[in-house]
Every structure is written in structure tokens, then in C-alpha cells.
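Residues per chain, in single letters:
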Amino acid sequence: MTTPGRRVRAKLIPRQATLVSRTDLAGALVEVWCTDQTPLQPGDVVAVRVAGRGPVPTGAWRRYTVAESDGHRFRLLIHHNPGGAAAAFIDAVRPGHAVTIRGPEGAVLPPVGEGPLLVVCDVTGLATLAALNNQVNRDGRTEQITVAVFSENRHLDSSVVVSCLGDPAGEFAVLRHLDDIARRVSEHAGTHDGNARLLAIGEHGLTAVAKRAALGAGLATTQISTRAYWRPGRRGLE
Ligand SMILES: Cc1cc2nc3c(=O)[nH]c(=O)nc-3n(C[C@H](O)[C@H](O)[C@H](O)COP(=O)(O)OP(=O)(O)OC[C@H]3O[C@@H](n4cnc5c(N)ncnc54)[C@H](O)[C@@H]3O)c2cc1C
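Residues numbered from 1 in each chain as written. Predicted model: local features only at pLDDT ≥ 70, side-chain atom pairs only at ≥ 80, totals over all residues. Heavy atoms only, no water.

A. Spatial organisation of empty space enclosed by the protein. Applying the stated rule across the entire model yields two cavities of 30 Å³ or more. A volume near 80 Å³ is recorded for the largest cavity. Along the walls of the largest cavity sit 13 residues, with Leu19, Val32, Leu76, Ile78 and Phe89 positioned nearest its centre. Broken down by secondary-structure element, the contributors of at least two residues to the lining of the largest cavity are β2 (29-35), β5 (73-79), α2 (87-92) and β6 (98-102). The residue makeup of the lining of the largest cavity, split by class, is 13 nonpolar, no polar and no charged. Of the volumes computed, that of the second largest cavity is approximately 60 Å³. Mapped onto the lining of the second largest cavity, the elements with two or more residues apiece are α3 (126-139), β8 (145-150) and β9 (171-175). When residues of the lining of the second largest cavity are assigned to their parent elements, the largest contribution, four residues, is made by α3. Looking at the lining of the second largest cavity residue by residue, the classes come out as nine nonpolar, two polar and one charged. (1 Å grid on protein atoms, 1.4 Å probe; cavity = no way out; pocket = protein on both sides within 12 Å on 5 of 7 lines; lining within 4 Å. Points joined across faces, edges and corners; volume = space filled by probe spheres on them. Helix = DSSP H or I, 4+ residues; strand = E, 2+ residues; numbered from the N terminus. Nonpolar A, V, L, I, M, F, W, Y, C, P; charged D, E, K, R; others polar.)

Rendered as C-alpha cells:
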């Protein structure tokens, strides 16, 4: 059994996980399963060392969300951003490779709430969505969840979303324009009589558009959660 104290210590110290499988999905998305000495939960965030040589902790680190876990195995869904510091790492990792990780460094799932939930996310938020989906299915939660995935990449379609989520807990659509996202959020807010909720995850511009639309349609800030994971022109966690 892992005690809370061990979990807190473990998260501070870089350690070696082992990559056990890698699947390249359409839409520039890579699914990896790793094993780690510390059991991680869906929604936990781990930092992965994606570049740099020499003794840990030098190098660049990027945060990824645990989409699913099974004892000491955990699954990540990583966007392959060709211009990013993580690109060479993502190209190179293969089953059997050691991966240096830290964490969990927080968790990203919203608390269980009441009222129909619309989740808006981009490719970097799919793991968080998968974690939420797993939690909802596992706990037999009955709240109404609908999902709008934003992607301009035509290869990222419904079949990719299904392979990320397994058994989607609610209806979902893949939308190609931010205007459609804003419309979807307004509709959701307008249809549910004041108790609608929004969770927006991914690039800062997407979460801002979704939040603005929700506020414009009358949702209170307490009904809106955002997780802005990256911002154009900014490099990730170093
Ligand atoms: C709490 C948290 C959880 C996260 N969970 C996930 C996750 O589960 N899966 C995941 O893929 N990412 C996740 N991210 C984002 C991830 O940590 C990186 O920030 C992101 O993938 C960019 O890293 P990079 O090395 O590719 O690009 P960087 O080297 O950091 O940035 C290079 C340039 O690329 C641009 N850029 C950055 N990200 C993207 C992108 N995704 N697409 C296109 N251009 C981009 C920026 O404009 C930047 O100037 C999470 C971030 C946080 C903070």
C-alpha cells in the first residue's frame, strides 16, 4: 500500500518509468503506456523529461495527464507538436525505453458537480477528457456529459476520440472552427435552465473562447472551469 507521505516524497524526486507500449494514432497523437513504481490515478499530472542529457533533473520537462491507469501501469495521450521541445523525445520513445518522470504534480479533474456538463477540449486535453470519462464510467455517475473536441487537423476525427475514450460517457462532436465552439457553448448554456456547467481544456485561446461564450450566455464563473495547458509563442514547463 502507498501511504500519503510516500506519495508526496515520490512526486518530488525524478524517477525512471518504463515505456511498455506506443501507438501512433491519427491526428498527431501518440498513446503510450508506462509502468511506474508509484501508482498514478486518472487525472494526475506527471512531468516527463523530454530533452537534455546528464544527471536528472537537468533537461526540459513537459506535463502530461494520466488518461487511464491500472495498478502500476498508466496511459498518456501526447500531442506530437513538430515544433516543440518534446518532438524528438516523442519520435524516439519505443517499448522498453526508460522515461524520466516526476509527479504527480497536481490533478486536473473538476470535482463532481451537479448540472449537465459540457466539456470542450483540444488534442492536448483529450487525456484529461479520457480520465474524466473513466471516472464517470467507473463510479457509475449519471450526470449528463456532452463533449465538443476542437481540432483543425482533419485526421483527428470521431474514431480517434473513441480510441482515446474507449466507451464515451456521453454524446460528442468534433468541431473545426472556434466559432462553432462558441455556438456550442452558448446552446448548452441556453438549453439547461441555469444549471449548465462548462469544463474547457487545452490551448489558452480555446479555453478563453469557451469561457467568454459561457459568460455571455449567462453562466456564472462558479459554473465554469478552465484548464489552459499551453499558449502560442510560449514554451512549456522547463
Ligand atoms: C497540467 C497540464 C497537463 C497537460 N496535459 C497534456 C496531455 O495530456 N497531453 C498533451 O499532449 N499535452 C499536455 N499538456 C501540454 C504539454 O505539457 C506541453 O505544453 C505541450 O505539449 C507543448 O509542448 P512542446 O514541447 O510540444 O512545445 P514547446 O516547446 O513547449 O513549444 C513550442 C512552440 O509550440 C507551440 N505549441 C505548444 N504546444 C502546442 C501544441 N500542442 N500544438 C501546436 N503548437 C504548440 C507554442 O506556440 C510554442 O511556441 C499539459 C500541460 C499542462 C500544464
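On we go.
B. The sheet that holds strand β3 (residues 45-51), seen in detail. Read around the barrel, six strands follow the order β1-β2-β5-β4-β3-β6 and close on themselves; strand pairing throughout is antiparallel. For this sheet, the mean angle separating the axes of adjacent strands, direction not counted, is 45 degrees. Taken together, the seven bridges between strand β1 (residues 15-25) and β2 define a ladder with antiparallel strand orientation. Across the sheet, Leu25 pairs through a bridge with Leu29, a residue of β2. Along the sheet, helix α4 (residues 158-165) contacts β1, β2 and β5; its crossing angle with β5, the most-contacted strand, is approximately 155 degrees. (Pairing = 2+ DSSP bridges. Axes fitted to C-alpha atoms, helices over the stretch in contact; angles between N-to-C directions. Contact = heavy atoms within 4.5 Å.)

C. Here's a closer look at the sheet that holds strand β11 (residues 224-230). Spatially, five strands are ordered β9-β8-β7-β10-β11 in an open sheet, and the strand pairing comes out parallel. Edge positions in the sheet fall to β9 and β11, since each of these pairs with one other strand and no more. Across this sheet, the average inter-strand angle for adjacent strands is 10 degrees, counted without regard to direction. Pairing geometry for β8 and β9, over five bridges, is parallel. In the sheet register, Val149 faces β9, and the bridge partner there is Val174. The sheet strands contacting α3 are β7 (117-121), β8, β10 (197-203) and β11, and the helix crosses β7 at an angle near 150 degrees. Set on the sheet, helix α6 (residues 204-216) makes contact with β7, β8, β10 and β11; between it and β10 the angle comes to about 160 degrees.

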